[in-house]
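So the chains spell out like this:
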Amino acid sequence: MLKPASPGPSLIVCSTCRGPDGAVGGGAALLKALREADRGSDSAVAVEKMACLWSCGAGASVQLRAPGKIGYVMGGFAAGDASDILAFAEAYAGSADGEVPFDQWPKGVLGHFIARVPPPGMLIA
């Protein structure tokens, strides 16, 4: 069943993912860590949850998206990666098209990208 989501930049966390070590609850732990790290901030990025992003082989997974921007699916995260994920999400939110220069990527997101997704009606040149 579909439900409304944040209209702006959002970080969608797979709440049912196993962790990178296969541990049950990895997605739930990542969601909790992201929400705790984001608490009290002026973040432009909403942290939302969804049951299963269908990237089970790469849990815990997240999707980063915003209207008119390239989106990303990333995985293999643990709760300890929350601050780097949020830092990348903030840089993403501040970008014009969703592309964040490589030299601005926090170390904790390197090697975690699964896919980049063009926004509806557009292709990546």
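Treat the numbers as computed from the prediction; the structure is a model and nothing was measured. (Residues numbered from 1 in each chain as written. Predicted model: local features only at pLDDT ≥ 70, side-chain atom pairs only at ≥ 80, totals over all residues. Heavy atoms only, no water.)

1. Considering helix H1 (residues 26-38)
Thinking step 1. Between its first and last C-alpha, H1 extends 18 Å over 13 residues, near the 18 Å set by a 1.5 Å rise per residue.
Thinking step 2. All of the buried residues along H1 are Gly-26, Gly-27, Leu-30, Leu-31, Ala-33, Leu-34 and Asp-38. Buried residues of H1, seen end-on, are gathered within an arc of 165° and therefore sit on one face of the element.
Thinking step 3. Packed against the buried residues of H1 are strand S1 (10-14), strand S2 (46-50), strand S3 (62-65) and helix H2 (82-93).
Thinking step 4. Within two residues after H1, Gly-40 carries a phi angle of roughly 80°, on the positive side. (Helix = DSSP H or I, 4+ residues; strand = E, 2+ residues; numbered from the N terminus. Expected span 1.5 Å × (residues − 1). Buried < 20%, exposed > 50% of the residue type's maximum accessible area, 1.4 Å probe, protein only. Arc of directions from axis to C-beta. Contact = heavy atoms within 4.5 Å.)

2. A look at the sheet that holds S3
Strands in a sheet are paired, the pairing made by backbone hydrogen bonds, and the direction either parallel or antiparallel.
Thinking step 1. The strand order S2-S1-S3-S4-S5 describes an open sheet built from 5 strands, whose pairing is mixed. Edge positions in the sheet fall to S2 and strand S5 (113-117), since each of these pairs with one other strand and no more. When the angles between neighbouring strand axes are averaged without regard to direction, this sheet yields 20°.
Thinking step 2. Bridge count for S3 against strand S4 (residues 71-74) is 3 bridges, and the pairing is antiparallel. Looking across to S4, one finds that Gln-63 is bridged to Val-73.
Thinking step 3. Sheet strands touched by H1: S1, S2 and S3. Its angle to S2, the strand with the most contacts, is close to 165°. (Pairing = 2+ DSSP bridges. Axes fitted to C-alpha atoms, helices over the stretch in contact; angles between N-to-C directions.)

3. Points about the nonpolar core
Thinking step 1. With 29 residues, the main nonpolar core has Leu-11, Leu-30, Leu-34 and Leu-64 as its most contacted residues.
Thinking step 2. At the level of elements, S1, H1, S3, S4 and H2 are the ones that each hand at least two residues to this core.
Thinking step 3. The element contributing the most residues to this core is H2, with 7 residues.
Thinking step 4. For Leu-64, the contacting residues outside a window of four places in its chain are Ser-10, Leu-11, Val-45, Gly-71, Tyr-72, Met-74, Phe-88, Ala-89 and Tyr-92. (Core = buried A, V, L, I, M, F, W, Y, C linked by side-chain atoms within 4.5 Å.)

4. Side note on the packing of H1 against H2
Thinking step 1. For the pair H1 and H2, interaxial distance at closest approach is 9 Å and the crossing angle is 65°. Along this stretch, H1 crosses H2, giving a crossing that reads as right-handed. Mapping the contact onto sequence places Leu-30, Ala-33, Leu-34, Ala-37 and Asp-38 in H1 and Ala-82, Ile-85 and Leu-86 in H2.
Thinking step 2. For the contact of H1 with H2, the per-class residue count stands at 7 nonpolar, no polar and 1 charged. (Left-handed = near helix turned anticlockwise from the far one by under 90°. Nonpolar A, V, L, I, M, F, W, Y, C, P; charged D, E, K, R; others polar.)

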